[in-house]
Structures are given as C-alpha cells and as structure tokens.
Amino acid sequence: MENKIDAHDNILELIGNTPLVKLNRVADSLTGNFYAKVEAFNPGHSSKDRIANYIIEEAERQGILKEGSTIIETTSGNTGFSIAMVSIIKGYDCILAVSSKSSPDKIDMLRSMGAKVYVCPAHVAPEDPRSYYQVAKRLHEETSDSIYINQYFNKLNTEAHYKTTGPEIWKQTNGQITHLVACSGTGGTISGTAQFLKEQNPNVKVIGVDAYGSVIKKYHETRKIDTNEIYPYRIEGLGKNLIPSSTNFDVIDSFVKVTDEESAHTAREISRTEGMFVGYTSGAVLQAVKQLNEAGEFTKYSNVVVIFPDHGSRYMSKVYSDQWMTDQGFLNNKTEEAVQEIQFIK
Ligand SMILES: Cc1ncc(COP(=O)(O)O)c(C=O)c1O
C-alpha cells in the first residue's frame, strides 16, 4: 500500500471551490429555488481570498514581486485579511489602509495576521489626503519595492471571479442557473462572475445589490455620478461613493437598493433559520431577493444563485450585538424574532 499523506501543501490550496447550498426555511415564502454560494468556506472566510491570491500570483508571474516586497491595499477588512494571509505564506510585508467604519474585530484580526494597519476617516471624499485611497497611494510612493493592489481599479480583481467563481457556479448548477444576485462593492465578484455566466447563457439575469447612500445603482441607470445619492450608511463592503473601474456595468442587468436595518435583520434571520452564520452583506443580498420576489421577478422555475461573501464572526460587535442593533435603532421598533434571552445562573 502506498504510504502517502493526504495533506495540502499550505492553506492557499484551499482557496475557491466553495459549496453551493440550497436555502430552505428562509426561502419558504419565496417563489423559485434559491442557492447560496457560501464564500465563508474559503480559508480566509471570504470571497476576497480569490482576488488576493490571483492578483499576487499574477504580479509574481510578471516578475513585479520579489522576496521581501511590500503589498499595500485599501480595504474594508476582508481583502486585507486575505492579502495578509497570502503575504504570510509567500513571504511579503503587508500594509493596509482601512476605513474607520470597519469593525474593531476586523482591524484586530488584520494585525493578528501580521499586517501594519492605518485607520482612515470613513466620511471624507476619495480625493481627501486622509481618505484610505490617498493614504495607500502615498504609502506606495514612499515604500520601495511595493505594489498597490488597488482592488477598485484593478481588472485582475474581476478576472479572478471570471476564472473561478463563474465556472464553479455554472458547473454546480449544471448550467441551470436563471438569476445571479450579488452585492457590488468593487464590483469584481458580480461582474467577473456575470461575464462568465452570460458567455455560457446570455439569458442569465444578473442583479446587483447596492446600499442607500451609494452612487452605483443610479450610475448604472444614467451613466452619471449623482453626488446627492452619497450619504453615510452602515453596511461594510457594499456600494460606493465613486465608480470603480473593476465593475463592468454592461454585464449587470439592474440594481436593487437595500436598507441597513432590513439587511441586518435578514443576516440574523439567515443564521437562525439556515444555521449559516453569515456576514452583513449576505443579509443585504437576501433582503434584495425578498424585494425582487415581491416585485414578481421569479417564477417557480427560477434557479437563483446568491453569493454570501463572508462569515458572521466578523460582525460580533455589529449585526450580532444586540447593543449595537439597539444603538442604531434597529431593535426598538421591532420585536426581534426568536433570539434567546441569556439565562444567568446565580
Ligand atoms: C463583506 C463584503 N461583501 C461584499 C463585498 C463586495 O464584493 P466586490 O468588491 O467583489 O463587489 C465585499 C467587498 O468589498 C465585502 O467585503
């Protein structure tokens, strides 16, 4: 008998090939069949593992990265975690400029993965020198042998999903997918996946999820940036106050906007009903599905794939904190379903 040890060479080999899981109770009242691509199964617990690994390996192929080089990025947290993880295995330094909107858990997690973190004010214009874009740009200029991933303006972000997420969903649904519903932050996930799926079947309908307070939906409809659309909102990783070139708007059919409050409750509902502990934007995507269902978008033959981008453990001090929910006014007007009371034994 061959004495072979069945092990992966390192953690990066586990990126991608995430499972597609049928949604059951949470979809009971909806028309159609619903499946979630659960990206928390990536080793860094989010879809951003795919782009971090792909972009860094592409830079290596092009000879841009050398041993001891520094990788710099702006991030709402997930991309940073993934870049830090890839940097550890490949021996690079990692510097991350993050928004002050990111949860403290996310920031501590990045530091635990060896990254140097700069926290920048969330509600300043992208051209402001304090914005995380400008801080990352400056650090890139000041650090020799560094690369700036620049996920919002990097076509390789979109290409990573074109090459991995799209083919996986096509194969997992045996080509029977009718709708893709996904959040749009950089737009890499939705547009890369959509491009692949539409090349297989141009009738696959692709619907993006945007936040109130973001310019993306209106830009898709008018091709103009309406600054009146911009105001603060709480969901991290979804929507934008600028137009990312990583988004290919031509392969997206329409956008739906969702509120912070309903998305938060829907994330909690998914955890309680499906046993899937998902992040805030997973709540947003299912909230969008509920609104689309209300609007009569689906039939009983629809096979709808939603992308759940990350894991709920990243939101313990936000969506999964009753105190945070109360502070936002999200629990005041609504009796929250079946969250159990804590029982104190004296
Ligand atoms: C939690 C979360 N959900 C969704 C997204 C959106 O993915 P994409 O940037 O590929 O549009 C991101 C990315 O920033 C994210 O961090």
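Quick caveat: nothing in here was measured; it's all calculated off a predicted structure.

Notes on the sheet that holds strand β6 (residues 146–148)
Taken together, four strands build an open sheet; the order of strands is β5-β4-β3-β6 and the sheet is parallel. Every interior strand has two partners, whereas the edge strands, β5 (116–120) and β6, have only one. Taking each pair of neighbouring strands and ignoring which way they run, the sheet shows an average axis angle of 20 degrees. Running over the sheet, helix α4 (residues 132–142) touches β3 (70–75), β4 (93–99), β5 and β6 and is turned about 170 degrees from β3.

Describing the packing of aromatic side chains
The full count for this structure, using the stated rule, is nine aromatic pairs. Residues Y219 and F249 carry aromatic rings whose centres are separated by 5.0 Å and whose planes lie at 65 degrees to one another, so their mutual orientation is edge-to-face. Linking Y219 in helix α8 (residues 216–222) with F249 in the loop between α8 and β9 (254–258), this pair joins segments that are 30 residues apart in sequence. Summarising the burial analysis for this pair, Y219 and F249 share the class buried. A connected cluster of aromatic rings, assembled from ring pairs, spans Y132, Y133 and Y152.

Comments concerning the confidence of the model for the protein
Confidence in the prediction of the protein, expressed as mean pLDDT, is 94, and 97% of residues score 70 or more. For the protein, helix α3 (residues 104–112) is the element with the lowest average pLDDT, namely 87, and strand β7 (residues 179–183) is the one with the highest, namely 99.

Rules of the game
Residues numbered from 1 in each chain as written. Predicted model: local features only at pLDDT ≥ 70, side-chain atom pairs only at ≥ 80, totals over all residues. Heavy atoms only, no water. Pairing = 2+ DSSP bridges. Helix = DSSP H or I, 4+ residues; strand = E, 2+ residues; numbered from the N terminus. Axes fitted to C-alpha atoms, helices over the stretch in contact; angles between N-to-C directions. Contact = heavy atoms within 4.5 Å. Phe/Tyr/Trp six-rings, centres within 6.5 Å; stacked < 30°, edge-to-face > 60°. Buried < 20%, exposed > 50% of the residue type's maximum accessible area, 1.4 Å probe, protein only. pLDDT = per-residue confidence, 0-100.

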